[in-house]
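# Chain and residue survey
Each chain, written out:
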Amino acid sequence: MSRPTDTIAALATPVGTSAIAVVRVSGPDCMELAKAIFGGPPLPPRIARHSDYRDVNGCLLDDVLVTFFHGPRSYTGEDSLEIASHGNPFIAQSILTDLLARGCRAAEAGEFTRRAFLGGKMDLPQAEAVMDLIHARSERALAAANQQLRGSLGRHLGDLTEGLLLVLARVEAYIDFPDEDLPAEDRRIVLDELSRVLHGTSRLLATHHYGELLRDGIKTVIIGEPNAGKSSLLNRLVGRDRALVSAEPGTTRDFIEERIILGPHCLRLIDTAGLNPTPAALERLGMDKTLERAAEADLFLWVLDATRPLPTLPNSVTGRLTPSNTIVLFNKVDLLTPGNAHAPLPSPTLPTLQISALTGDGLTELTDSVVRLADAFRQGQGDEIIAINSRHADALRRARECLETARQKVAENGAVELLASDLRGALDAFGEIAGKIDNERMLDHLFKTFCIGK
Amino acid sequence: MIYNQAPFDVIVCGAGHAGCEAALAAARMGASTLLLTGNIDTIAQMSCNPAIGGQAKGQMVREIDALGGEMAINTDLTAIQFRLLNESKGPAVQSPRAQCDKKAYQFRLKHTLELQPNLQVFQATVTGLVFTGQKVTGVRTNLDIEFSGTTVVVTTGTFLRGLMHIGQNKNEGGRMGDFSAKTLSASFLEAGIELRRLKTGTPPRLLGRSLDFSKMEEQRGDTSPTRFAFYDSRDPEDLFHVEHTGEQRIGWHHATNQVSCWMTHTTAETARLVRENLHKSAMYSGEIEGVGPRYCPSIEDKFVRFADKPRHLLFLEPEGRSTNEYYVNGLSTSLPFDIQVKMVHSVPGLEKAQLLRPAYAVEYDFAPPTQLFPSLESKKVENLFFAGQINGTSGYEEAASQGLLAGVNAVNKVRGEPPLIIGRHEGYIGVLIDDLVTKGTNEPYRMFTSRAEYRLLFNHGSAELRLLHHAKAHGLVSPSRLARMEESKRQIEHWIGFLENHKAPAGQGTFGDAIRRAVTGTNSTHVMPVLPAEFITQPEALRQEVLYRVSHSGYLSREQRQIDKLSEIEKIKIPPHIDFLQVRGLRKESALKLSEIRPYTLGQASRISGVNPADISVLMVLIEASRGGRADA
């Protein structure tokens, strides 16, 4: 039996919060992948190495323990990687998403075990046990998938599939029945419906962005003047000394990022360089980066030193602050003397809290407020929650790519059989999520839409 | 009495398009073959329209030719009009189509059968099969003569309990003027083979001199015809034909002397007649139980299902050079004869038309094809093969393709050789048979290009290249033709490599890049590069193929990658005696489906609806375990 030519990846530990989560990769590309992700010299086999996991865009996802197994001395008998990340399911999912983006295929239920058997790693008497295991896993996977498909994902996908079948039927009719009395080819209808499907696909993918928010965390940027105590707040929230803290203003020149779980939400806390109205040259650099980060933030924590007069922030930042994405934190309330109240805010509508990053005062209220904002933020993503997973997103992305090419073909009046090929590419990708789509369904549409038959 | 002491290797029952190919293929492989037909004068009769080819079907005919079949060359030599469909579209979806002289087509094929060594043709109606245990060992006929054979290929067409309807009028028969095979069905049922009913229809035939062609639009043939057979690979002595019209010669100029078809349409009066008499139609009054095809509706269906469409096109197609009979394509019906006459007269140009034959619907038995292995051998009865409409298909080309494969595989069975099974990635014939045996069909199955996942690779010109390894493995073409096919393949590969690796003049990158820009590019500079002189002088067909593969390399390699991805499971054969119901880890639903279909490979298993990837994983492990367990890694 020939060796598999593709490399598969899957979460090896149960979904949910745990101490660690393990992503397992198996197949011929493991060595290349390790080099691309972790850099440096080749990983020595069977030795766990502590390393940063950076995604294809160079973003740090987590620091992980990675172990390389050289086939045949591995579970599957193939080259394998085991990547142990922190036990936050969102992190593990991000790693999996990244592996798929790098060309891995999401493993089918029980596929590692099957490969292990086919790789000669198991004895014959184990065969039946292996088959039972594949069966059990697939039943579980099937149940999970069915549950998801019965929900809004299934409905949306069903609607898109029908739309695409309609488009394909309209295209195929002119290929297979050139001699029939068909109405003049109307590419307008095709284009409109195709655009609708494309839009729907993008929206489904956007829910992956929401899924990413869940997994990667809501980007929460801590801003404020130098020495307002931003890094202290980060450390307090994270619960360990991640940022270098000092009494000297401007200690944080680069930004520091940490993930925290608050209630049902994952936050990517980003500590930034202080925004100083009169910065030094080096500080200027840090501030520019802060402004960049602020531009793509989902939530803001604006830290003020309660003991000092209100600072002025650049308009590019204050313009983005709204009551639904900002909490103003008067820090260092422990240093306030009675009667020495902090200055009023320029915008009275922004919610405010008094905290002390040093003593922990007000932190519970802060957590509650952040969860409330994050809840509201989630609802802003649409009434229905469709959190598609990495495998779905991978398929939908391929579908979108095909649909975009198809739309271009329609617009340019390109070759119809190539247009059909792109549409089928998209249909196949949909089918990977919801199950094989039989050509009969397209033919049903075709014969309903057109009077075929001489 | 038993006619023969030594059994024939292959007995073919029926001499339609499936039976003729089956008999010729078997005899050409050197097997002793008997072809039985109820009527020698209707060999290779085109029971419905007088045309071969068209979308997907044209490609299939070329595939039949690549596998040494007869349909392509028989069409070329008896055609009276050639048209290449979809000429304005890409090569993958262009299909040759031809109007044929029906009688010439029959005569030439009959004569071909008569001259074929190892083949005996005999007129007798098969009334039953002879079984020995779970094997077929011969056939009984209406002459009380039994023929013994090692294998039997059944190609009954519409004759199996054929019943024709014209309004309330019913006649037994598979075709107007012919008989009905009434007792053979009992033999199948006795052997445990399930039968069901299908229905098809045919329009009236009209007398040409009673038609007013001035009211119709002429449809002429192509000035440069696209023929079905491959001539570059053939020796002149590979050809022969019958001089029944006195004007056909090898190298006959197909472009000249073509006959036209004529287009007209139904009117409001036609629609009224249909609507008011719908209750008299056999199909609408519940007289017919069989299922008809969606793509070939009766005129009743068209007016009912597309009520807002004011009129429907009709094509008048000549049935031959030596007859004045015309086929009315588009006017299939089972309305009573008096309504038919009025309907015909409501059509522009047909006001005074004289009907030569009425339209009618015909119901017949078919055996759901999921009861067959991909070799087309019955799962219930060993050595019994089925081909053509008995498998639920429709169309001369679909029938011929199956006949060819059934004939070849009957011989392979006799010789203990592995069967010829064409992959879905190799051609329409592969798609056809895989669909039939894996999914079955609920209506008469017709091939469409959209049924093929790898349609872009199935351009009609590449049929020889795609199938030559099969032709070689089973000895289906002469050694000299095979050598030319192989040489042509080498040349094509050479020139693709050349164009992809050599720089075109004037900095356009390689020739390949320049060709792609010119052919599929979207900018306005669609200028074909100046190609090397040595390439320009290659045969036309070879150049076309090379240019197609180079210009569409992106899309073609995408299809090729998909094929490669699936090739692993396509190669794994499932041991024939696995009891799926006893396999641990298979879901019950899958196990039942798998036991019914009994797929030949894991690839086929994966295409059965309700069988999921985990089931395939389980089977993979099982197969590996059952053959000794160790991977040859």
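Each helix and strand counted, chain A has 13 helices and 12 strands in total. Burial statistics for chain A: of 454 residues in total, 52% are counted as buried. Taking the intrachain contacts of chain A between residues at least 6 apart in sequence as the baseline, contacts between residues at least 24 apart amount to 68%. Split by element, the accessible area of chain A, about 20200 Å² in all, is 53% carbon and sulfur.

Another aspect to go through is the overall build of chain B. Counting its secondary structure elements, chain B contains 19 helices and 20 strands. Taking 26 Å as the expected radius of gyration for a compact globule of 633 residues, we find that chain B reaches 25 Å, a close match to that expectation. In terms of overall dimensions, chain B has a C-alpha envelope of 70 × 65 × 50 Å along the principal axes. Counting across all 633 residues of chain B, residues that qualify as buried make up 62%. Sequence separation of at least 24 residues holds for 73% of the intrachain contacts in chain B that already meet a minimum separation of 6. By element, 52% of the accessible surface of chain B is carried by carbon and sulfur atoms, the whole surface being about 23800 Å².

The next thing to look at is the side chain of R294 of chain B. By the secondary structure assignment, R294 of chain B is in the loop between α6 (268-276) and α7 (299-305). A polar side-chain atom of R294 of chain B sits 2.3 Å from a polar atom in the side chain of D444 of chain A. Contact partners of R294 of chain B, with chain neighbours within four places excluded, come to E440, L443, D444, F447 and I452 of chain A together with R305 and E443 of chain B.

Moving on to a negative patch on the surface. Residue and element names in this part refer to chain A. A cluster of acidic side chains, namely D334, D361, E365 and D368, defines a negative patch on the protein surface. Assignment of secondary structure puts E365 in helix α10 (residues 363-379). Here E365 falls in the partly exposed class, since its relative accessible area comes to 45%.

In this section: the packing of helix α1 (residues 17-28) of chain B against helix α4 (residues 102-115) of chain B. Residue and element names in this part refer to chain B. Running from N to C, α1 and α4 point in directions that differ by 25°, and their axes come no closer than 11 Å. One finds that α1 runs roughly parallel with respect to α4. Along this stretch, α1 crosses α4, giving a crossing that reads as left-handed. On α4, the residues that touch H17, C20, L24 and R28 of α1 are Y105, L109, T112 and L113. The residue makeup of the contact of α1 with α4, split by class, is five nonpolar, two polar and one charged.

This brings us to the sheet that holds strand β1 (residues 8-11) of chain A. All names here are of chain A. As summarised here, the arrangement of the six strands in space is β3-β4-β5-β2-β1-β6, forming an open sheet in which the pairing is mixed. Of all strands in the sheet, those bounded by a partner on one side alone are β3 (49-54) and β6 (105-106). The sheet contact formed by β3 and strand β4 (residues 60-69) spans six bridges and is antiparallel. Looking at the pairing, Y53 lines up with D62 of β4. Its contacts with the sheet put helix α3 (residues 111-118) on β1, β2 (20-26) and β6, and the angle it makes with β1 is roughly 130°.

For the structure shown, the criterion picks out 65 salt bridges over all chains. Of the charged contacts, one joins R105 of chain A and D6 of chain A as a salt bridge, the two residues approaching to 2.6 Å between their closest N and O atoms. In this pair, R105 of chain A sits in strand β6 while D6 of chain A sits in the segment before β1, placing the two residues 99 residues apart along the sequence. Judged by relative accessible area, D6 of chain A falls into the partly exposed class, the value being 24%. Through salt bridges with shared partners, a single ionic network connects D438 of chain A together with R424, D434, D435, K439, E453, E570 and R607 of chain B.

Let us look at the confidence of the model for chain A. Averaged over all residues, the pLDDT of chain A equals 80, while 79% of them reach at least 70. Low pLDDT, under 50, characterises residues 380-385 of chain A; the predicted model gives this stretch eight contacts beyond four residues in sequence or across chains.

By size, the foremost hydrophobic cluster in this structure holds 110 residues, and its most contacted members are I11, V139, V152, F188, L384, F386 and L405 of chain B. When near neighbours in sequence (up to four residues on either side) are disregarded, I11 of chain B contacts L34, L36, V139, F147, S148, G149, T151, V152 and V153 of chain B. In this structure, L157, L168, I175 and L194 of chain A belong to the second largest nonpolar core, which totals 47 residues.

A separate point is α4 of chain B. All names here are of chain B. If you check α4, its first and last C-alpha atoms are 20 Å apart, about what 14 residues at 1.5 Å a residue would give, namely 20 Å. When we look at burial in α4, the residues that qualify are K102, A104, Y105, Q106, R108, L109, T112 and L113. Here α4 starts with a cap whose side-chain oxygen sits 3.2 Å from the backbone nitrogen of K103, and that cap is D101.

The next point concerns the packing of aromatic side chains. All told, the structure shown has 17 aromatic pairs over all chains when counted by the stated rule. Between Y174 of chain A and F450 of chain A, the ring centres sit 5.7 Å apart and the planes meet at 85°, which makes this aromatic pair edge-to-face. Of the two residues, Y174 of chain A is situated in helix α5 (residues 152-176) and F450 of chain A in the segment after α13 (439-449); the sequence distance between them amounts to 276 residues. Take Y174 of chain A and F450 of chain A: they sit in the same class, and that class is buried. Arranged with centres 5.3 Å apart and planes meeting at 55°, the rings of W495 of chain B and F535 of chain B form a pair that is tilted.

Looking now at the packing of helix α11 (residues 390-412) of chain A against helix α12 (residues 416-434) of chain A. All names here are of chain A. Interhelical geometry of α11 versus α12 gives an angle of 165° and a closest axis separation of 8 Å. The angle between α11 and α12 places the two elements in the roughly antiparallel class. Handedness of the crossing formed by α11 with α12: left-handed. Across from R391, H392, A395, L396, R398, A399, C402, L403, T405, A406, K409 and V410 in α11, the residues of α12 making contact are L418, L419, D422, L423, G425, A426, A429, F430, E432 and I433. Of the residues assigned to the contact of α11 with α12, the class counts are 14 nonpolar, three polar and five charged.

Note: most peptide bonds trans; most residues except glycine with negative phi. For the bond running from G71 of chain A to P72 of chain A, omega is 0°, close enough to zero to count as cis. Looking at the secondary structure, you find P72 of chain A in the loop between β4 and β5 (80-86). Positioned with a positive phi, A56 of chain B is a non-glycine residue whose angle comes to about 65°. Within the element layout of this structure, A56 of chain B appears in the loop between β3 (51-53) and α2 (57-66). Using a relative accessible area of 0% as the deciding quantity, one classes A56 of chain B as buried. In this structure, N86 of chain B takes a positive phi of about 60° despite not being glycine. Assignment of secondary structure puts N86 of chain B in the loop between β4 (79-85) and β5 (95-100). A relative accessible area of 8% places N86 of chain B in the buried class.

A few words now on the environment of S478 of chain B. As for its position among the elements, S478 of chain B is in the loop between α11 (463-473) and α12 (479-501). Overall, the relative accessible area of 25% leaves S478 of chain B in the partly exposed class.

Residues and elements named next belong to chain B. When pLDDT is averaged along chain B, the result is 91, and 94% of the positions lie at 70 or above. Overall, residues 241-253 carries pLDDT values under 50, and its contacts beyond four positions in sequence, including any with other chains, amount to 20 contacts. Low pLDDT (under 50) marks residues 629-633, which in the prediction has 11 contacts with non-local residues, meaning those over four places away or in another chain.

Residue and element names in this part refer to chain A. The element strand β7 (residues 218-224) is largely enclosed, with a buried count of seven among its seven residues. Alternating residues of β7 divide into I218, T220, I222 and G224 and K219, V221 and I223, and every residue in both groups is buried. Here five bridges tie β7 to strand β10 (residues 299-305), and the two strands are oriented parallel to one another. If you follow I223 over to β10, its bridge partner there is W302.

Rules of the game
- Residues numbered from 1 in each chain as written.
- Chains lettered and ligands numbered in written order.
- Predicted model: local features only at pLDDT ≥ 70, side-chain atom pairs only at ≥ 80, totals over all residues.
- Heavy atoms only, no water.
- Helix = DSSP H or I, 4+ residues; strand = E, 2+ residues; numbered from the N terminus.
- Buried < 20%, exposed > 50% of the residue type's maximum accessible area, 1.4 Å probe, protein only.
- Contact = heavy atoms within 4.5 Å.
- Areas by Shrake-Rupley, 256 points an atom, 1.4 Å probe, with all protein chains shown as cover.
- Rg over C-alpha atoms; globule rule 2.2 N^0.38 Å.
- Polar contact = N/O pair within 3.5 Å; in protein donor to acceptor, adjacent residues only side chain to side chain.
- Patch = residues over 30% accessible without salt bridge, like charges linked within 9 Å, V, L, I, M, F, W, Y side chains within 5 Å.
- Salt bridge = Lys/Arg side-chain N within 4 Å of Asp/Glu carboxyl O.
- Lys, Arg positive; Asp, Glu negative; His and termini not counted.
- Charge placed at Lys NZ, Arg CZ, Asp CG, Glu CD.
- Axes fitted to C-alpha atoms, helices over the stretch in contact; angles between N-to-C directions.
- Parallel < 35°, antiparallel > 145°, perpendicular 65-115°, else oblique.
- Left-handed = near helix turned anticlockwise from the far one by under 90°.
- Nonpolar A, V, L, I, M, F, W, Y, C, P; charged D, E, K, R; others polar.
- Pairing = 2+ DSSP bridges.
- pLDDT = per-residue confidence, 0-100.
- Core = buried A, V, L, I, M, F, W, Y, C linked by side-chain atoms within 4.5 Å.
- Expected span 1.5 Å × (residues − 1).
- Phe/Tyr/Trp six-rings, centres within 6.5 Å; stacked < 30°, edge-to-face > 60°.

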